Amino acid sequence: MREKLFTPGPVEIPERILHSLSDPVIHHRTDEHKERLKKVVEGVRQLVMTGEGDVAILSSSGTGGMEAVVSSLVKGFGKALVVDAGKFGKRWAELCEVFEVPSETLFVERGSPVDPEAILEAVGKDAEIRAVLMTLTETSTGVVHDVKAIGSGLAQWEGLLGVDAISGLVADELRMDEWGVDVCVTGSQKGLMLPPGLGFVVMGSKAKAVLDGRKRSKGSGCYYLDLKKYVASFQKGFDVPFTPAISLIRALEESLEMILDEGMESVWARHARMAQAVRNGCIAMGMKLLATARPSNALTAAFPPTGVDAVDLVATLKKEKGIRIAGGQDELKGKIVRLAHLGACYEEDVLGLIGATETCLLHLGASVEPGSGVAAASASLSQD
Ligand SMILES: *Cc1c(COP(=O)(O)O)cnc(C)c1O
């Protein structure tokens, strides 16, 4: 049985992208590659909605982008305020620890979005805080933070707002320039529908100024992920400091074309429709959403119905249907399931996912009315 991925990374890869991965590997010190790089950088800017942000494309997973931000931008700049609303928010704090960046953590209850006021208050109280590091979508809880409110609240602040949009980008709205996001990180294997292997860091003018003022030398703690190298090479003529992941960058051309042809607002609207159908389907089957507010359109995190074990549900879907969903992480391990509706996810996928989940729940002895999940998802999809 072929496995179908409904996980919050990696996601299903559309055929068009898969085909492009078998294209010849061209040399990277050529006009052809420079043209390609120029084109994909312009495309990434459109995804995150920035006019002139610098884009560094790293050969790493998304975490490499986070590491690059901490090691080459935040380190030496000042103290960081980290929004810890789950496993991925916490990752910023772990990176700060490794790179010896002073940091303070704002703990947020799992399943809740951060209160923008709490961030503004913390920043206002401590002049040493020069960076706020957070996620757009916290993938461990399926909650999307109000980056817009936080960005506008920090508009007059001279520090950096850094956002991990690794799973959120493409599914949940993000407008980097308009919202005042200074640094944005993403990765290839989520909304971009690519295999894992590319990390992206997009830097606005404030972040660029910090980078420009930075001397990289002895003891800086980063070499390969030094963002300054990527920006400098690109500005010299769409060049790269090291051999890039040429095949993935080729596939990125296709992915960006697919997304931008559909249009960002249409892509967001499609994700919102799919997400709503999954949420309604889950609730109708007796599941309880983990998100108490602002559920993400990238994935749904939910507790299984009474009497069903989350680990059993994940395993049964895989074994009986070839459907791979994700379980919980850290303190939520064994307690929740996470169903992604991210990237190339359409009505037939969502109805199939809910239908299969319903059958498995029945096999596991849950008291679910047969057809109730699919009916709720279908009713949701039939609304405009
Ligand atoms: C997936 C994910 C990461 C980690 O990305 P990798 O590509 O596995 O390094 C970080 N943050 C968020 C919000 C994610 O969803």
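The structure presented is a predicted model; accordingly, all values stated were derived computationally and were not measured.

1. What about the overall build of the protein?
A tally of helices and strands in the protein yields 14 helices and 15 strands. Taking 2.2 N^0.38 as the reference for a compact globule, 384 residues should give roughly 21 Å; the C-alpha atoms of the protein span a radius of gyration of 21 Å, in line with that estimate. Principal-axis analysis of the C-alpha atoms gives the protein an extent of 65 × 55 × 35 Å. When the 384 residues of the protein are sorted by exposure, 59% land in the buried category. Pairs at least 24 residues apart make up 72% of the contacts formed inside the protein by residues separated by at least 6 positions. Summing over all exposed atoms, the protein offers an accessible surface of approximately 15400 Å²; the carbon and sulfur share of this is 51%. Between the centroid of the 42 positive side chains of the protein and the centroid of its 51 negative side chains there is a distance of 5 Å.

2. What about the environment of L136?
If you trace the backbone, L136 turns up in the loop between β5 (129-135) and β6 (137-138). Considered as a pair, L136 and A272 are 136 residues apart in the sequence and their alpha carbons are 15 Å apart. Ignoring sequence-local partners within four residues, the contact set of L136 consists of V143, V144, H145, V147, V163, D164, A165, G168, L169, D172, E173 and L174.

3. Notes on helix α5 (residues 116-125)
Taken residue by residue, α5 has P116, I119, A122 and V123 as its buried positions. Along the axis of α5, the buried positions cluster into a sector of 130 degrees, meaning they face one direction only. Exposed and oriented more than 90 degrees from the buried face of α5 are E117, E121, G124 and K125. The elements touched by buried residues of α5 are β3 (79-84), β4 (103-107), β5 and α6 (147-153).

4. Notes on the nonpolar core
In this structure, I57, I119, V181 and L252 are the most contacted members of the largest nonpolar core, which totals 55 residues. One finds A68, L73, W92 and L227 within the second-largest nonpolar core, a separate group that totals 32 residues.

5. Re the domain arrangement of the protein
Accessible area lost upon the coming together of the parts serves often as the stated size of an interface. According to the domain assignment, the protein contains domain 1 (15-262) and domain 2 (263-382). Of the residues lining the interface, 34 residues belong to domain 1; the matching set on domain 2 comes to 28 residues. Here domain 1 and domain 2 share an interface that buries about 2500 Å² over both sides, 56% of which is from carbon and sulfur atoms. Together, V170, A171 and E262 form the three largest contributors to the area buried by domain 1 at its contact with domain 2, with a combined 23%. Joining domain 1 to domain 2, the criterion identifies five salt bridges.

6. Focus on the packing of helix α13 (residues 347-363) against helix α14 (residues 372-381)
Running from N to C, α13 and α14 cross one another at 160 degrees; their axes reach a closest spacing of 8 Å. Looking at the two axes, α13 sits roughly antiparallel to α14. Note on packing geometry: the crossing formed by α13 with α14 is right-handed. Residue-level contacts link E347, V350, L351, I354, G355 and E358 of α13 to S372, G373, V374, A377, S378 and L381 of α14. Partitioned by chemical class, the residues of the contact of α13 with α14 number six nonpolar, four polar and two charged.

7. Considering the site of the ligand
Every residue lining the ligand is accounted for by S61, G62, T63, F88, R91, T137, T139, D164, I166, S167, Q189 and K190. Separating an oxygen atom of the ligand from a side-chain N or O atom of S61 is a distance of 2.5 Å. Between Q189 and the ligand, the recorded distance is 2.7 Å, taken from a side-chain N or O atom to an oxygen atom. Every element with two or more residues in the shell around the ligand is listed here: α3 (62-74) and α4 (87-98). Of the residues assigned to the shell around the ligand, the class counts are two nonpolar, seven polar and three charged.

8. Details of the pattern of salt bridges
One pass over the structure, following the stated rule, counts 29 salt bridges. A salt bridge links R324 to E3; the shortest N-O distance between them is 2.9 Å. With R324 in strand β13 (residues 323-324) and E3 in the segment before β1 (4-5), the pair connects residues that are 321 residues apart, well separated along the chain. Look at R324 and you get partly exposed, because its relative accessible area is 32%. Since its relative accessible area comes to 27%, E3 is described here as partly exposed. A salt bridge links E253 to R250, with the nearest nitrogen and oxygen atoms 3.1 Å apart.

Thresholds, definitions, all that
- Residues numbered from 1 in each chain as written.
- Predicted model: local features only at pLDDT ≥ 70, side-chain atom pairs only at ≥ 80, totals over all residues.
- Heavy atoms only, no water.
- Helix = DSSP H or I, 4+ residues; strand = E, 2+ residues; numbered from the N terminus.
- Rg over C-alpha atoms; globule rule 2.2 N^0.38 Å.
- Buried < 20%, exposed > 50% of the residue type's maximum accessible area, 1.4 Å probe, protein only.
- Contact = heavy atoms within 4.5 Å.
- Areas by Shrake-Rupley, 256 points an atom, 1.4 Å probe, with all protein chains shown as cover.
- Lys, Arg positive; Asp, Glu negative; His and termini not counted.
- Charge placed at Lys NZ, Arg CZ, Asp CG, Glu CD.
- Arc of directions from axis to C-beta.
- Core = buried A, V, L, I, M, F, W, Y, C linked by side-chain atoms within 4.5 Å.
- Domains from an automatic or database assignment.
- Buried area = accessible area lost by both parts, 1.4 Å probe.
- Salt bridge = Lys/Arg side-chain N within 4 Å of Asp/Glu carboxyl O.
- Axes fitted to C-alpha atoms, helices over the stretch in contact; angles between N-to-C directions.
- Parallel < 35°, antiparallel > 145°, perpendicular 65-115°, else oblique.
- Left-handed = near helix turned anticlockwise from the far one by under 90°.
- Nonpolar A, V, L, I, M, F, W, Y, C, P; charged D, E, K, R; others polar.
- Near = heavy atom within 4 Å.
- Polar contact = N/O pair within 3.5 Å; in protein donor to acceptor, adjacent residues only side chain to side chain.

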